[in-house]
Amino acid sequence: MRQPDLARLGGALFLAGMLAGPMPAARAESVVRIGMTAADIPRTLGQPDQGFEGNRFTGNTMYEGLTLWDLSSADKPSVIIPGLATEWAPDAADKTKWVFKLRPGVKFHDGSDFDADAVVWNVEKVLKQDAPHFDPSQVGVTASRMPSLRSTKAIDKMTVELTTAAPDALLPINLANLFMASPAQWKKLEAAVPASVTDPKERAKQAWAAFAGSASGTGAWKMDKFVPRERLELVKNAGYWDAKRVPKVDRLVLLPMPEANARTAALLSGQVEWIENPAPDALPQIKQRGFVIQANEQPHVWPWQFSRIEGSPWNDIRVRKAANLCIDRDGMKDGLLGGLMVPATGTFEPGHPWRGNPKFAIKYDPDAARKLMQEAGFSADKKLKVKTQTSASGSGQMLPIPMNEFIQQSLAECFFDVELDVIEWNTLFTNWRKGAKDDSARGANATNVTYAAMDPFFAMIRFLDSKMAPPVSNNWGFINEPEYDKLAADVRVAFEPAARDKALAALHERSVDEAAFLWVAHDVGPRAMSPKIKGFVQPKSWFVDFSTMTLE
């Protein structure tokens, strides 16, 4: 059709509309579509996989814990606040017992009540192996994040007591990772499993599979449509218990897009309104087109975690220090990542209360690195072979292949011969819990899994405490240093914040002086979004609150 014909047609349609009289206004549904870095939809049955990207998108949206992260500020570090519990305290006479008072009036998405029995049921789903609803598939991503929790019991309808293996001041923080799923919804789905399925474990497995497609939590977002490996659509929970956090957008659509260039193309073509981790070389074009780049330094670390088992090349502290001195982090930041990282000199940077005063200064000093390697017996003619397992994409992995290739080239200048073993992200994350001794390591003596550093357990204890070796938690390399164990124990019994900060600073100082990791970068959580999205807060956290945003 020619342009004049189109103009006449448009005018005729406008006139017809005017003659027909006013039509009742109908507000279009507001929809925000997000391109995730994950290659699949994180699990939706209550305890997500896919690392903390799973918690961000299918954990903290549909579900909640007894405690929550405060995600309201772009300037202040996120702290733990009341969630489904309004208050808590350890027993004065026995600090292995905690009493939590529950929030009244909270409903699951299926309309059933949240109460003390629901808390007991959710603890038992991952800790009590003879419980009818026990789900071994949820244990790995849960128990390793709260390894001291042993049991719970209802004191009354709105009060629970949780018991730990030993005094543990970190329990309230850990519990932000235990998401409350609806017992009533699960029981309804279990009852629908065919009677011919008589094995209790198989019945539970099928009920949880059904629950994943018909999820029910207490969160601000409810499941509406779920197509595995393709999309998850969430709608706002208009009856959410916190009126201030009822979402202002009607629908959230989550799409797996593991490749950075594909995510960027989807944003530029209008297929999505928001992408995680845009391709750095496309940032000028993204900004030129009017899209908004959100970034903020996060308590999130991009490292290599070393194997310390017998025979590992990383058992020599000179080698560990040399690797840390051989990386040009500023060059990676400005030349590879378009400024979207903060160079790491430890898990915490100067000014943080947990930093301490390390004597070993992590910086770019290749001459000092080569000197250390020569002292350890290596040279240009005798390079040290090391192997690192990494992923092609994933939660917080930023751009793992280009970043690891940068490190590979850098370390080659300091007498390292680096082999990269690139595997799928969720497999890498699963291997992380199995440890360097497991066949899944495939001979790797380092692993590149990023980690959140918002709380003491996640930041340090699960890696440095020898009791956290697999299968308990994430001491992948089987570090076994008595001084770490002592300092970690000091943290767990420090119930006063000042004492805890002092103990944590001592632990971090020791870890840097011992070059416990190859620290490379802190993530800034870059995301690019449509300028139509307003009211979004990019917190100093790995997590975000989707409830505050509006769509013009």
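Residues numbered from 1 in each chain as written. Predicted model: local features only at pLDDT ≥ 70, side-chain atom pairs only at ≥ 80, totals over all residues. Heavy atoms only, no water.

**Description of empty space enclosed by the protein**
In this structure the tally under the stated criterion is three cavities of 30 Å³ or more. Of all the secondary-structure elements, those providing two or more residues to the lining of the largest cavity are helix H2 (51-59), helix H4 (136-143), helix H14 (425-434), strand E18 (451-452) and helix H15 (456-464). Looking at the lining of the largest cavity element by element, the count peaks at four residues for H14. Residues belonging to the lining of the largest cavity are distributed by class as follows: nine nonpolar, seven polar and three charged. (1 Å grid on protein atoms, 1.4 Å probe; cavity = no way out; pocket = protein on both sides within 12 Å on 5 of 7 lines; lining within 4 Å. Points joined across faces, edges and corners; volume = space filled by probe spheres on them. Helix = DSSP H or I, 4+ residues; strand = E, 2+ residues; numbered from the N terminus. Nonpolar A, V, L, I, M, F, W, Y, C, P; charged D, E, K, R; others polar.)

**Quick look at unusual backbone geometry**
Omega for the peptide link from Pro-470 to Pro-471 comes to 10°, which places this bond in the cis form. By the secondary structure assignment, Pro-471 is in the loop between H15 and helix H16 (482-492). The phi dihedral of Arg-229 falls on the positive side, at around 65°, and the residue is not glycine. Considering the arrangement of structural elements, one finds Arg-229 in the loop between strand E8 (221-227) and strand E9 (231-236). Not every positive phi belongs to a glycine, and Phe-415 is a case in point at roughly 75°. Residue Phe-415 is classed as buried on the basis of its relative accessible area, which comes to 9%. (Buried < 20%, exposed > 50% of the residue type's maximum accessible area, 1.4 Å probe, protein only.)

**Some details on the nonpolar core**
Counting residues in hydrophobic clusters, the biggest one holds 96 residues, and the most contacted among them are Trp-304, Trp-314, Ile-407, Leu-411, Phe-416, Leu-464 and Trp-519. Counting residues per element, this core draws most heavily on H15, which supplies seven residues. Ignoring anything within four residues of it in the chain, the contact list for Trp-519 reads Val-301, Trp-302, Asn-324, Arg-329, Ala-344, Gly-346, Thr-347, Ile-362, Tyr-451, Ser-511 and Val-512. Leu-189, Val-193, Ala-207 and Ala-215 belong to the second largest nonpolar core, which has 38 residues in total. (Core = buried A, V, L, I, M, F, W, Y, C linked by side-chain atoms within 4.5 Å. Contact = heavy atoms within 4.5 Å.)

**Remarks on the environment of Ala-169**
Looking at the secondary structure, you find Ala-169 in the loop between strand E7 (159-164) and helix H5 (171-174). Overall, the relative accessible area of 6% leaves Ala-169 in the buried class. Remark: the alpha-carbon pair of Ala-169 and Val-493, spanning 324 residues in sequence, is separated by 5.9 Å. Apart from the residues within four sequence positions on either side, Ala-169 is in contact with Trp-98, Val-491, Arg-492, Ala-494, Phe-495 and Arg-500.

**Observations concerning the sheet that holds strand E10 (residues 251-256)**
Strands belonging to one sheet form pairs held by backbone hydrogen bonds; the direction of such a pair is parallel or antiparallel. Here seven strands make up an open sheet; going across it, the order is E8-E9-E10-E1-E11-E20-E12 and the pairing mixed. A strand with exactly one partner marks an edge of an open sheet, and here the two such strands are E8 and strand E12 (292-294). Put simply, the sheet's adjacent strands are angled 20° from each other on average, direction ignored. Where E9 meets E10, four bridges bridge the pair, whose relative direction is antiparallel. Paired with Leu-232 across the bridge in E10 is Leu-254. (Pairing = 2+ DSSP bridges. Axes fitted to C-alpha atoms, helices over the stretch in contact; angles between N-to-C directions.)

**Remarks on the confidence of the model for the protein**
With 95% of its residues at a pLDDT of 70 or more, the protein shows a mean pLDDT of 93. Below pLDDT 50 for its whole length, residues 1-21 participates in three contacts with residues either more than four positions away or in separate chains. (pLDDT = per-residue confidence, 0-100.)

**So, the layout of surface pockets**
Space inside the largest pocket adds up to approximately 860 Å³. Forming the walls of the largest pocket are 33 residues, and the residues nearest its centre are Pro-77, Ser-78, His-352, Trp-354 and Met-454. Residue composition of the lining of the largest pocket, by class: 20 nonpolar, seven polar and six charged. Approximately 530 Å³ is the volume found for the second largest pocket. Forming the boundary of the second largest pocket are 27 residues, of which Arg-43, Leu-45, Asp-135, Ser-137 and Trp-208 lie nearest the centre. At the level of secondary structure, the elements contributing two or more residues to the lining of the second largest pocket comprise H4 and helix H7 (200-212). It is H7 that provides the largest number of residues to the lining of the second largest pocket, a total of seven residues. Among the residues making up the lining of the second largest pocket, the classes are represented as 14 nonpolar, five polar and eight charged.

**Structural notes on H14**
Buried residues dominate H14, accounting for seven of its 10 residues. When H14 is considered as a whole, its buried residues turn out to be Trp-425, Asn-426, Leu-428, Phe-429, Asn-431, Trp-432 and Arg-433. Here H14 starts with a cap whose side-chain oxygen sits 3.0 Å from the backbone nitrogen of Asn-426, and that cap is Glu-424. Just past H14, the residue Gly-435 takes up positive phi, approximately 95°. (Polar contact = N/O pair within 3.5 Å; in protein donor to acceptor, adjacent residues only side chain to side chain.)

**Topic: the pairing of E10**
Most of E10 sits inside the fold, with six of its six residues counted as buried. Burial along E10 is two-sided: the face carrying Arg-251, Val-253 and Leu-255 and the face carrying Leu-252, Leu-254 and Pro-256 are both buried. Where strand E1 (residues 31-36) lies against E10, six bridges are found, and the strand directions are parallel. Within E10, the position partnered with Met-36 by the bridge is Pro-256.

**Points about the sheet that holds strand E4 (residues 85-90)**
Strands sit in the order E4-E5-E7-E6 across an open sheet of four strands; the sheet is antiparallel. Edge positions in the open sheet fall to E4 and strand E6 (149-156), since each of these has one partner strand only. Between one strand axis and the next, the sheet turns by 20° as a mean value, whatever way the strands run. Of the strands in this sheet, strand E5 (97-102), E6 and E7 are in contact with helix H3 (residues 116-127), which crosses E6 at around 165°.

**Looking at the packing of H15 against H16**
Two numbers describe how H15 lies on H16: the axes approach to 9 Å, and their chain directions differ by 145°. As for the relative orientation of H15 and H16, their crossing is left-handed in sense. Contacts from Pro-456, Phe-457, Ile-461 and Leu-464 in H15 reach Tyr-484, Asp-485, Ala-488, Val-491 and Arg-492 in H16. The residue inventory of the contact of H15 with H16, partitioned by class, reads seven nonpolar, no polar and two charged. (Left-handed = near helix turned anticlockwise from the far one by under 90°.)

**Structural notes on the pattern of salt bridges**
This structure, assessed with the given rule, holds 24 salt bridges. The residue Arg-251 makes a salt bridge to Asp-224 at a minimum N-O spacing of 2.8 Å. Highlighted residues: Arg-251 in strand E10 and Asp-224 in strand E8, separated in sequence by 27 residues. For Arg-251, a relative accessible area of 13% corresponds to the buried category. In this structure, Asp-545 and Arg-245 form a salt bridge, with 3.0 Å as the shortest nitrogen-oxygen distance. Of the two residues, Asp-545 sits in the loop between strand E21 (533-534) and strand E22 (550-551) while Arg-245 sits in the loop between E9 and E10, which places them 300 residues apart along the sequence. With relative accessibility at 22%, the residue Arg-245 sits in the partly exposed group. Here the salt bridges do not stand alone but share partners, grouping Glu-29, Asp-224, Arg-231, Glu-233 and Arg-251 into one network. (Salt bridge = Lys/Arg side-chain N within 4 Å of Asp/Glu carboxyl O.)

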